[in-house]
Amino acid sequence: MKTQAFPFAFFQGEIVKIEDAKVSIMTNALQYGTGIFGGIRGYYNLDDKSVYVFRLDDHYKRFLSSARILGCDFPYSLEELKEITIDLIKKNNPKTDSYLRPFGYVGHTELGPNLANTTLDFSLYMIPLGEYLPVSKGLNLKVSTWERISDNAIPSRGKISGGYVNSALARKEATDGGYDEAVMLNKYGHVAEGSAENLFIVRDGKLITPDLSEGVLEGITRRSVFKLLQA
Ligand SMILES: Cc1ncc(COP(=O)(O)O)c(C=O)c1O
């Protein structure tokens, strides 16, 4: 299934047409999953016809810390990433809710999974997006037989491209079995997270969610829920 993107992307240092944002099949990140990414929501407000980006700072702080997990240099600062993002939103001028996908990747074409002395390349594109999962109707979840990758395998706390093969396997098993989504357990059999979302339960008036040490992404939504509870 082809996802329709907004017409412009940021690629190799400039805003270009999305169809010109292409990499070689030899790209290291494509071959070995040596990349990091983010997933940022832009909400279009019909009243003032503006886009409200959800926690841009937090998303890019996590993005840069994912780069540090790979031990790679990154060519842009937090402020520069924010500027690039705002410029791209202005250029695409969305009239719907959107999803922004920053991607930091090993862009060279050398053979071998080697992260040493590497500066990541950066790209950013946007797609229109409503609900990621059909949450308004409630979801059928399957406890996956795939174990969540542990922190000292591929740290789940960062959004590291290669780690998402683990998510994809769990998601496939769930949807092949007629479920909407997977619940992944860690190597201790403790609930970790879904294939692409943190999990919470409310029990006896208390909100319960796995600790970061259980092998989960440092979710921005997760942190926002904590903030709302403190308020
Ligand atoms: C594995 C995983 N857990 C949790 C989340 C939720 O993260 P956030 O709240 O930062 O969007 C995501 C988001 O894509 C994810 O991929």
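To keep things clear, this report deals only with the structure shown in the data block. (Residues numbered from 1 in each chain as written. Predicted model: local features only at pLDDT ≥ 70, side-chain atom pairs only at ≥ 80, totals over all residues. Heavy atoms only, no water.)

**Considering the side chain of Ser-195**
Worth spelling out the cut-off: Only DSSP runs of H or I with at least four residues qualify as helices, and only runs of E with at least two residues qualify as strands; both kinds are numbered from the N terminus onward. Residues count as neighbours in contact if any of their non-hydrogen atoms are within 4.5 Å of one another.
Of note, Ser-195 is situated in the loop between strand E10 (191-194) and strand E11 (201-203). Dropping the residues within four chain positions of it, Ser-195 is found in contact with Tyr-164, Ser-167, Arg-171, Glu-181 and Ala-182.

**Comments concerning the pairing of strand E4 (residues 40-45)**
Selection criterion: Pairs of strands are assigned from DSSP output, requiring at least two bridges between the strands.
With three bridges connecting them, E4 and strand E6 (residues 98-105) associate as antiparallel partners. The partner of Gly-42 across the bridge, within E6, is Ser-98. In terms of strand pairing, E4 meets strand E5 (residues 50-53) through four bridges, oriented antiparallel. Note on E5: the bridge partner recorded for Gly-42 is Val-53. Taking the residues that link successive antiparallel strands as the turn, the E4-E5 hairpin has four residues, and the phi of Lys-49 there is positive, at about 55°.

**Some words on the packing of aromatic side chains**
This is how the line gets drawn: Side-chain rings of Phe, Tyr and Trp, where Trp is taken by its six-membered ring, are said to pair if the distance between their centres is within 6.5 Å; with planes under 30 degrees apart they count as stacked, over 60 as edge-to-face, and otherwise as tilted. The buried label goes to any residue with under 20% of its type's maximum accessible area, the exposed label to any with over 50%, and the partly exposed label to all in between, with areas taken from a 1.4 Å probe on protein chains only. Remark: a charge is flagged as sitting over a ring if the NZ atom of Lys or the CZ atom of Arg is within 6 Å of the ring centre and within 35 degrees of the ring normal.
A full pass over the atoms with the stated rule returns ten aromatic pairs. Both rings, one in Tyr-76 and one in Phe-122, keep their centres 5.8 Å apart while their planes meet at 70°; by these two values the pair is edge-to-face. Here Tyr-76 is found in the loop between helix H2 (56-70) and helix H3 (78-92), whereas its partner Phe-122 is found in strand E7 (residues 121-128), with 46 residues between them in sequence. You can call Phe-122 buried: its relative accessible area is 3%. Through a chain of ring-to-ring contacts, three or more aromatic side chains come together here, namely Phe-10, Tyr-60, Phe-63, Phe-74, Tyr-76 and Phe-122. It is Lys-91 that lies over the ring of Phe-8; its NZ or CZ is 4.6 Å from the centre.

**Points about the pattern of salt bridges**
As a reminder of what qualifies: Any carboxyl oxygen of Asp or Glu within 4 Å of a side-chain nitrogen of Lys or Arg constitutes a salt bridge here.
Scanning the model with the defined rule gives nine salt bridges in all. When the shortest N-O distance is used, the salt bridge between Asp-180 and Lys-137 registers 3.5 Å. Note that Asp-180 is positioned in the loop between helix H4 (164-176) and strand E9 (181-185) and Lys-137 in the loop between E7 and strand E8 (141-147), a separation of 43 residues in sequence. Residue classification places Lys-137 among the exposed residues on the basis of a relative accessible area of 57%.

**A few points about the environment of Gly-39**
Structurally, Gly-39 can be placed in the loop between strand E3 (35-37) and E4. Its relative accessible area of 16% is what places Gly-39 among the buried residues. A C-alpha to C-alpha distance of 23 Å links Gly-39 and Leu-115, two positions 76 residues apart in sequence. The residues contacting Gly-39, other than those within four sequence positions of it, are His-59, Tyr-99, Leu-100, Pro-102 and Lys-159.

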